[in-house]
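# Structure assessment
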Amino acid sequence: MFSARAFITPAIRVVALPQVTRLTIGARLASTRAPATISEAITRDHEELRKYYGEIVNNKGDFDHQDRYGNQFRWELARHSVAEELLVYPALEKYLGDAGKAQADRDREQHHKIKVLLKDFQDLNAVDDAFVPKLEEIWTELEHHIEEEESRDLPDLERALNSRPVRGSSDWSSESLARKFERTKAFVPSRSHPAAGENPYFESAVGMLAAPIDRIADLFRKFPDDITDPKARRKDAIDRGVDDHDVYARDVPGRDDGVVGKDRI
């Protein structure tokens with residue numbers, strides 16, 4: 001008899017391996033400084049999404065480039081959305097009362113619409129006629145959502161967090177919430193699963209099943225970091241603020257310090 005546990009447990013172990021985690025599209029992990037507040041963590045993601053969107057719509061005809069950034073856009077948006085639903089929206093409800101619950105409910109409704117569109121986008125390649133139009137449809141919804149979050153939700157949440165007394169090891173601080181947000185993104189699904197809904201409890205359970213499968217599939221997708229030209233690799237590393245020898249260690253003759261290079265897949 002087929003056992004789900006027999007498949008899922010090894011999958012979770014594979015995803016948990018340090019080298020796999022390091023290999024999985026590390027632009028966000030390569031940041032030189034952790035966000036100081038939850039607002040900074042979220043707006044940083046928004047800026048990344050805006051960048052990936054621009055790379056796709058401004059490079060029409062370069063299908064390889066568009067496919068790579070399309071995967072990066074999906075990867076970032078899926079993780080960002082779930083992390084907000086698990087941490088940020090419950091914080092709005094907890095610290096802002098009825099007003100926060102109304103904001104969180106509105107955000108969840110917007111998220112669900114975006115996730116349905118993102119799921120459709122996941123089935124498309126750059127050569128498909130619907131690829132860019134579907135992305136533009138997502139961005140229309142997402143841009144409105146981002147504007148509301150940055151102009152209303154995040155300032156309100158920051159004021160509420162700053163007005164509370166710091167207890168113990170800063171568990172009530174914006175910085176602590178930012179750290180939890182970044183950690184959460186490392187374990188949630190990297191593809192859109194709108195059927196999971198936006199409820200933290202049910203979404204967490206579904207995420208435990210979906211995340212390992214998503215992450216394994218990510219290993220076989222093309223992303224912007226999959227650069228083969230040495231000069232392009234060096235520029236990519238400089239742009240991301242990291243040492244290219246740490247990211248592409250296998251390019252160094254005789255060196256194998258546990259860092260997985262792109263050519264080992």
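Residues numbered from 1 in each chain as written. Predicted model: local features only at pLDDT ≥ 70, side-chain atom pairs only at ≥ 80, totals over all residues. Heavy atoms only, no water.

## Description of the nonpolar core
What counts here: Definition of nonpolar core: a set of buried residues of the types Ala, Val, Leu, Ile, Met, Phe, Trp, Tyr and Cys, connected through side-chain atoms within 4.5 Å. Note on classification: 1.4 Å probe, protein chains only; a residue is buried when its accessible area is under 20% of the maximum for its type, exposed when over 50%, partly exposed between these limits. Only runs of H or I of at least four residues qualify as helices and only runs of E of at least two qualify as strands under DSSP, and these elements are numbered from the N terminus. When checking whether two residues touch, look at their non-hydrogen atoms; a contact exists if any pair is within 4.5 Å.
Counting 22 residues, the largest nonpolar core has Phe73, Leu77, Phe121, Ile138 and Leu142 as its most contacted members. Mapped onto this core, the elements with two or more residues apiece are helix H3 (38-57), helix H4 (63-122) and helix H5 (131-162). With eight residues, H4 is the largest single contributor of residues to this core. Ignoring sequence-local partners within four residues, the contact set of Ile138 consists of Phe73, Leu77, Ile114, Leu117, Leu118 and Phe121. In this structure, Ala83, Tyr95, Ala104 and Leu157 belong to the second largest nonpolar core, which totals 19 residues.

## A closer look at the packing of H3 against helix H6 (residues 174-185)
Applied cut-off: For every element, the axis is a line fit to its C-alpha atoms; helices are fit only across the contacting stretch, and the angle between N-to-C directions ranges from 0 to 180 degrees. The cut-offs work like this: below 35 degrees is roughly parallel, past 145 is roughly antiparallel, 65 to 115 is roughly perpendicular, and the gaps in between are oblique. Residue polarity follows a fixed list, in which Ala, Val, Leu, Ile, Met, Phe, Trp, Tyr, Cys and Pro are nonpolar, Asp, Glu, Lys and Arg are charged, and the others, Gly among them, are polar.
Where H3 contacts H6, the two axes come as close as 7 Å, and the packing angle between them is 40°. Here H3 is positioned oblique relative to H6, judged by the angle of their axes. Within the contact between the two elements, H3 uses Ile38, Ala41, Ile42 and Asp45 and H6 uses Ser174, Leu177, Ala178, Phe181, Glu182 and Lys185. Of the residues belonging to the contact of H3 with H6, the class tally is six nonpolar, one polar and three charged.

## Observations concerning the pattern of salt bridges
Our working rule: Should a side-chain nitrogen of Lys or Arg be within 4 Å of a carboxyl oxygen of Asp or Glu, the pair is scored as a salt bridge.
Taken as a whole and assessed by the stated rule, the structure comprises 19 salt bridges. The salt bridge involving Glu40 is made with Arg44; its shortest N-O contact spans 3.1 Å. Taken as a pair, Glu40 and Arg44 lie in helix H3 at a separation of four residues, close to a single helical turn. For Arg44, a relative accessible area of 14% corresponds to the buried category. The partner of Glu93 in a salt bridge is Arg108, and the shortest N-O contact between them spans 2.9 Å. Looking at Glu93, the relative accessible area reads 27%, which means it is partly exposed. Given the relative accessible area of 13%, Arg108 is considered buried. Three or more residues are tied together by salt bridges with common partners; here these are Asp45, Glu76, Arg79, Glu182 and Lys185.

## Points about the packing of aromatic side chains
Which entries qualify depends on this criterion: Centre distance within 6.5 Å is the pairing criterion for rings of Phe, Tyr and Trp, where only the six-membered ring of Trp is used; planes under 30 degrees apart are then read as stacked, over 60 as edge-to-face, and the remainder as tilted. Charge-over-ring placement is defined geometrically: NZ (Lys) or CZ (Arg) within 6 Å of the ring centre, and within 35 degrees of the ring normal.
Within the structure shown, the criterion is met by four aromatic pairs. Between Phe73 and Phe121, the ring centres sit 6.5 Å apart and the planes meet at 90°, which makes this aromatic pair edge-to-face. Phe121 shares its class with Phe73; the two are buried. Note on Phe121 and Phe131: the rings are 4.9 Å apart at their centroids and 35° apart in plane angle, and the pair reads as tilted. Of the two residues, Phe121 sits in helix H4 while Phe131 sits in helix H5, which places them ten residues apart along the sequence. Looking at Phe121, the relative accessible area reads 0%, which means it is buried. By way of ring pairs, the aromatic residues Phe73, Phe121 and Phe131 are connected into one cluster. Between the NZ or CZ atom of Arg74 and the centre of the ring of Phe121, over which it lies, the distance is 4.3 Å. In this arrangement the basic side chain of Arg79 is found over the ring face of Trp75, its NZ or CZ atom lying 3.8 Å from the centre.

## Comments concerning the confidence of the model for the protein chain
To keep it simple, the criterion reads: Across the chain, each position has a pLDDT score giving the predictor's confidence in that residue, from 0 to 100.
Residue-level pLDDT values for the protein chain average 78, and 68% of them are 70 or greater. Per-element averaging of pLDDT across the protein chain places helix H2 (residues 18-23) at the bottom with 36 and H3 at the top with 97. Counting interchain partners and residues more than four positions distant, the pLDDT-below-50 stretch residues 1-32 has 50 contacts. In this model, residues 239-265 is a region of pLDDT below 50 whose contacts with residues beyond four sequence positions or in other chains number 50 contacts.

## Some words on H4
Our working rule: One less than the residue count of a helix, multiplied by 1.5 Å, gives the span that helix is expected to have. Bend at a given residue is defined as the angle between two axes, one fitted to the seven residues that end at that position and one fitted to the seven that begin there.
The end-to-end C-alpha separation of H4 is 15 Å, well short of the 88 Å expected for 60 residues at 1.5 Å each. If you look at H4, its biggest bend is around 155°, right at Gly97.

## Topic: the environment of Gly61
By the secondary structure assignment, Gly61 is in the loop between H3 and H4. Here the alpha-carbon distance between Gly61 and Ala126, two residues 65 residues apart in the chain, equals 8.4 Å.

## Concerning the side chain of Ser192
Applied cut-off: The definition of a polar contact used here is a pair of N or O atoms within 3.5 Å, where within protein one atom must be able to donate a hydrogen and the other to accept one, and adjacent residues in sequence count solely through side-chain atom pairs.
Among the secondary structure elements, Ser192 is positioned in the loop between H6 and helix H7 (200-218). Within the local environment of Ser192, its side chain forms a polar contact with the backbone oxygen of Lys115, the two atoms lying 2.7 Å apart. If sequence neighbours within four positions are ignored, Ser192 has contacts with Ala78, Lys115, Leu118, Lys119 and Gln122.

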